[in-house]
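Listed here are the chains, written in short residue letters.
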Amino acid sequence: MSRIITSNKTPRPMTSEAVEEAARGDRDAHPLSEADLKRMKRTPQAKTLRRALELTQEEFSARYHIPLGTLRDWEQGRAEPDQPTRAYLTVIARDPDRVNHLLNPMPN
């Protein structure tokens, strides 16, 4: 039976420059450049958005008129929202209360 030997020494922290150099040295994992980041658009993930709003799947589905099964498929990776739906999720992320008010007006 082999023995595992561990050290009590604390690993030396890497500087930001050392981390960057190590990342750039890995041919398979180049970090994104500033140009890449500017070119990319952020689209909120349904699950992340729902959790940020502290809603259950059922509540999010009812509030924003998204079929529950569709929401579950997105969150479990079985399907992805199409472009118009990604735009809708972006609008929800930017002003969830207003979208809720527009879709579910309070009766007078």
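Relevant structure appears above.
Report follows, based on the coordinates. As the structure is a computational prediction, the values presented were derived from the model and not from experiment.

As for its position among the elements, Asp97 is in helix α7 (residues 96-103). Looking at Asp97, the relative accessible area reads 60%, which means it is exposed.

Ranked by size, the top nonpolar core spans eleven residues in total: Ala46, Leu49, Leu55, Phe60, Tyr64, Ile66, Leu71, Trp74, Leu89, Ile92 and Val99. Listing elements by their share of this core, those giving two or more residues are α3 (46-52), α4 (57-64), α5 (68-75) and α6 (83-94). Other than its neighbours up to four places away in sequence, Leu49 contacts Phe60, Leu89, Ile92 and Ala93.

Moving on, we get to a nonpolar patch on the surface. On the surface, Leu32, Leu37 and Met40 cluster together into a nonpolar patch covering about 280 Å² of accessible area. For Leu37, the location among the structural elements is in helix α2 (residues 34-39). Note on Leu37: relative accessible area 45%, which makes it partly exposed.

This part is about unusual backbone geometry. A positive phi is found at Glu54, a non-glycine position, where the angle reads about 55°. Positionally, Glu54 belongs in the loop between α3 and α4. Residue classification places Glu54 among the exposed residues on the basis of a relative accessible area of 71%. Positive phi values are uncommon outside glycine, yet His65 reaches one of about 55°. Considering the arrangement of structural elements, one finds His65 in the loop between α4 and α5.

The subject of this paragraph is the packing of aromatic side chains. Geometrically, a pair of aromatic rings is defined through the distance of the ring centres and the angle of the planes. Evaluation of the coordinates by the stated rule reveals one aromatic pair. Relative to Tyr64, the ring of Phe60 has its centre 5.0 Å away and its plane inclined at 55°; by these criteria the two rings are tilted. Residue Phe60 and its partner Tyr64 are located together in helix α4, separated by four residues, close to a single helical turn. Here the two residues Phe60 and Tyr64 agree in accessibility, since each one is buried.

Scoring rules and cut-offs
- Residues numbered from 1 in each chain as written.
- Predicted model: local features only at pLDDT ≥ 70, side-chain atom pairs only at ≥ 80, totals over all residues.
- Heavy atoms only, no water.
- Helix = DSSP H or I, 4+ residues; strand = E, 2+ residues; numbered from the N terminus.
- Buried < 20%, exposed > 50% of the residue type's maximum accessible area, 1.4 Å probe, protein only.
- Core = buried A, V, L, I, M, F, W, Y, C linked by side-chain atoms within 4.5 Å.
- Contact = heavy atoms within 4.5 Å.
- Patch = residues over 30% accessible without salt bridge, like charges linked within 9 Å, V, L, I, M, F, W, Y side chains within 5 Å.
- Areas by Shrake-Rupley, 256 points an atom, 1.4 Å probe, with all protein chains shown as cover.
- Salt bridge = Lys/Arg side-chain N within 4 Å of Asp/Glu carboxyl O.
- Phe/Tyr/Trp six-rings, centres within 6.5 Å; stacked < 30°, edge-to-face > 60°.

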